[in-house]
Amino acid sequence: PDKATFATLIDQRAKKGDLRGAEELHREAVEAGVGRNAYQIASLIDAAAKAGDLASAERWFKKADVAGLRCVNHMFGAVLNAAAKAGDIAAAERWAKKAADSGVQLNKFMISSVVSAACKAGNISKAEAWLEKAMKANGNLDIYP
């Protein structure tokens, strides 16, 4: 199979939240010499997020960063989603800041993930603070100065 075939197969596993299956396909792609691309890594981060596995989402993001792959909005959003599912507000805030520091404009999905992480963690004041930041941004969700 070529790069596009592997990317499609990995993406299908990711959509099902089958992180282990997606990782196995990625290993096969690497062995075939077609496994180091941003689309496949983004799908692996998605799979980790859908599985609620924050550590794996962060690990795959770091691999993309170390490999010099362009870390796009979608990758940051997926890691934020994983943090939300884990109820890890510290991680969600850390990743929101990292995204902003990387030049990514935080979108409604990303803000929602941070708010969800705060709610899941039972930290309503943090959730309200993030909602207030979003409202003050008046549609411009680039909330970090």
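All figures in this text were calculated on a predicted structure; none of them were measured in a lab. Once a new chain begins, its residue numbering starts again from 1 and follows that chain's sequence as written. Local features in a predicted model are, by the rule used here, given only for residues with pLDDT of at least 70; side-chain atom pairs are given and counted only at 80 or more, and totals for whole chains, interfaces and linings are based on all residues. Note that water and hydrogens are dropped before the side-chain values are worked out from all heavy atoms of the structure.

1. Side note on the nonpolar core
The nonpolar core is taken to be a set of buried Ala, Val, Leu, Ile, Met, Phe, Trp, Tyr and Cys residues, with the residues joined through side-chain atoms within 4.5 Å. Note on classification: 1.4 Å probe, protein chains only; a residue is buried when its accessible area is under 20% of the maximum for its type, exposed when over 50%, partly exposed between these limits. Ile41, Ile45, Phe61, Met75 and Phe76 are the most contacted members of the largest nonpolar core, which has 44 residues in total. In this text, helices come from DSSP runs of H or I with a minimum length of four residues, and strands from runs of E with a minimum of two, each type numbered from the N-terminal end. Mapped onto this core, the elements with two or more residues apiece are α1 (3–15), α2 (19–31), α3 (38–50), α4 (54–66), α5 (73–86), α6 (89–101), α7 (108–120) and α8 (124–136). Top contributing element to this core by residue count: α5, with 8 residues. Two residues qualify as a contact provided that any one of their heavy atoms is within 4.5 Å of a heavy atom in the partner residue. Not counting residues up to four positions away in its chain, the partners in contact with isoleucine 45 are Ala57, Trp60, Phe61, Met75, Ala78 and Val79.

2. With respect to the packing of α2 against α3
Inter-axis angles, ranging from 0 to 180 degrees, are taken between N-to-C directions of lines fitted to C-alpha atoms, where helices are fitted over the stretch in contact. Two elements in contact, α2 and α3, have axes whose closest approach is 9 Å; the angle formed by their N-to-C orientations is 160°. With respect to each other, α2 and α3 are oriented roughly antiparallel. Viewed along their axes, α2 and α3 form a crossing whose handedness is left-handed. Across the interface between the two elements, Leu19, Ala22, Glu23, His26 and Ala29 of α2 pack against Gln40, Ile41, Leu44, Ala47 and Ala48 of α3. Its residues placed into classes, the contact of α2 with α3 shows 7 nonpolar, 2 polar and 1 charged. Any angle between 65 and 115 degrees counts as roughly perpendicular, while under 35 counts as roughly parallel, over 145 as roughly antiparallel, and the rest as oblique. Left-handed describes a crossing in which the near helix is turned anticlockwise from the far one by less than a right angle; the clockwise case is right-handed. Note on residue classes: Ala, Val, Leu, Ile, Met, Phe, Trp, Tyr, Cys and Pro are nonpolar, Asp, Glu, Lys and Arg are charged, and everything else, Gly too, is polar.

3. Examining the side chain of serine 43
As for its placement among the helices and strands, serine 43 is situated in helix α3. According to the relative accessible area criterion, serine 43 is buried, its value standing at 2%. Those residues in contact with serine 43, other than ones at most four positions away along the chain, are Ile10, Asp11 and Ala14.

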